[in-house]
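# Reading the structure
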Amino acid sequence: MADGDDNDSDGLSLFDIAWEDVLYVKLFPLLSLKDLFSLRCCSQLAKTFVDNGLRRLQEINLSGNNSPHLEVSFAVLSENCRNVRVINMARCNWLQDSILCPFLQHNRRLTKINLSDCHNITSRSMQPVIIGCKQLTTLKLSRCHWLTIGAMEALTLHHTKIQELDISHCAALNERCISVFLLNCRMLKTLSLSNVPAVTDNLLFALAKHSKLIKNLNLVGCYMITDRGVGALALCCKELESLMVRDCPHVTERSLALLRGRVFIDRPRVYQPDMNMVPNMGFPRLFLQV
């Protein structure tokens, strides 16, 4: 540009670009939450820009993030976010009911929630999920000792479209509340019951009867199950793709052989001399008629 020519760009800033049509569409999705909060600190205009943009945010992943004062940042998200569909808060030790509940109440379109290993919240945090999040399809609550039978029963009452559930290591649950859940949630495709003491052959019979669409099943450490329960799964769950039965001492190749070839199993084949014939495992008449 020749000397003396006016520079039309003088005085323009990033925020002079159209927010709705350009910045929120092209720029905002490229910024991490850390980037957004750094930008938010730059000026009052930047704060307004970020806060308005947070209303569009659809996914939040803070898994394992225990940075100091992170609860303050999450309060900002809770205040502004209204359209989040996926949230992963696994292993967030700072998370408490008073912080989480307002966020869940403001974001009722959530479809996937992961609160695994969050030890400082209680079943109270499940109330806004149970009552408000009617589009929920994935719920992960592994190692949540606070998940009670009552909370599980309330979840069953209000949600029938869950496709993925992880309640591994939830020792407070009993066989009945899990069985009732299986009865009502017929769309279940992925289920983790790893190290849940309440899992027995009776529960596997219920799973075989009601969860015809199940694809992935984790039974690691369920020491009460036997070949009878696994055999019922082999007979009835034709969509099954993976089965985890490590540390299940009463499950043997007698039942696993029925699944070999069509299902991934986390235990290698153990050959036995009598495997040429499929043994009678004593299935209830109900399953032989399915």
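For the structure itself, look to the data block above.
Residues numbered from 1 in each chain as written. Predicted model: local features only at pLDDT ≥ 70, side-chain atom pairs only at ≥ 80, totals over all residues. Heavy atoms only, no water.

## Describing the overall build of the protein
- Secondary structure assignment for the protein yields twelve helices and nine strands.
- Surface accessibility of the protein: about 14,700 Å² in total, with carbon and sulfur atoms responsible for 52%. (Helix = DSSP H or I, 4+ residues; strand = E, 2+ residues; numbered from the N terminus. Areas by Shrake-Rupley, 256 points an atom, 1.4 Å probe, with all protein chains shown as cover.)

## What to know about the environment of serine 32
- In this fold, serine 32 is placed in the loop between helix 1 (19–27) and helix 2 (33–40).
- A C-alpha to C-alpha distance of 9.7 Å links serine 32 and isoleucine 60, two positions 28 residues apart in sequence.

## Section: the environment of arginine 55
- Along the chain, arginine 55 falls in the loop between helix 3 (44–54) and strand 1 (59–61).
- The spatial distance from the C-alpha of arginine 55 to the C-alpha of cysteine 81 is 4.5 Å, given a sequence separation of 26 residues.
- If we ignore the near neighbours within four places in the chain, the residues touching arginine 55 are Asn80, Cys81, Arg82 and Asn83. (Contact = heavy atoms within 4.5 Å.)

## Concerning the packing of aromatic side chains
- Across all of its chains, the model carries nine aromatic pairs by this definition.
- For the ring pair phenylalanine 15 and tryptophan 19, a centre distance of 6.1 Å and an interplane angle of 65° mean the geometry is edge-to-face.
- Through pairs of rings, three or more aromatic residues link up here, namely Phe15, Trp19, Tyr24, Phe28 and Phe49. (Phe/Tyr/Trp six-rings, centres within 6.5 Å; stacked < 30°, edge-to-face > 60°.)

## Points about the packing of helix 8 (residues 175–184) against helix 9 (residues 201–210)
- Viewed as axis vectors pointing N to C, helix 8 and helix 9 meet at an angle of 5°, and their least axial separation amounts to 9 Å. The orientation of helix 8 relative to helix 9 falls into the category roughly parallel. Side by side, helix 8 and helix 9 meet where Glu175, Ile178, Ser179, Leu182 and Leu183 of the first sit next to Asn202, Leu203, Ala206, Leu207 and His210 of the second.
- Of the residues that constitute the contact of helix 8 with helix 9, the class distribution is six nonpolar, three polar and one charged. (Axes fitted to C-alpha atoms, helices over the stretch in contact; angles between N-to-C directions. Parallel < 35°, antiparallel > 145°, perpendicular 65-115°, else oblique. Nonpolar A, V, L, I, M, F, W, Y, C, P; charged D, E, K, R; others polar.)

## So, helix 9
- Counting buried residues in helix 9 gives eight out of ten residues, a clear majority hidden from the surface.
- Taken together, the buried positions of helix 9 are Asp201, Leu203, Leu204, Phe205, Ala206, Leu207, Ala208 and His210. (Buried < 20%, exposed > 50% of the residue type's maximum accessible area, 1.4 Å probe, protein only.)

## Thoughts on helix 8
- All of the buried residues in helix 8 are Cys177, Ile178, Ser179, Phe181 and Leu182.
- Considering only its buried residues, helix 8 is in contact with helix 7 (149–158), strand 5 (164–166), strand 6 (190–192) and helix 9.

## Describing the side chain of aspartate 51
- Summarising the element assignment, aspartate 51 is placed in helix 3.
- In this structure, aspartate 51 is in contact with Arg40, Val76 and Asn80, ignoring residues within four places of it in sequence.

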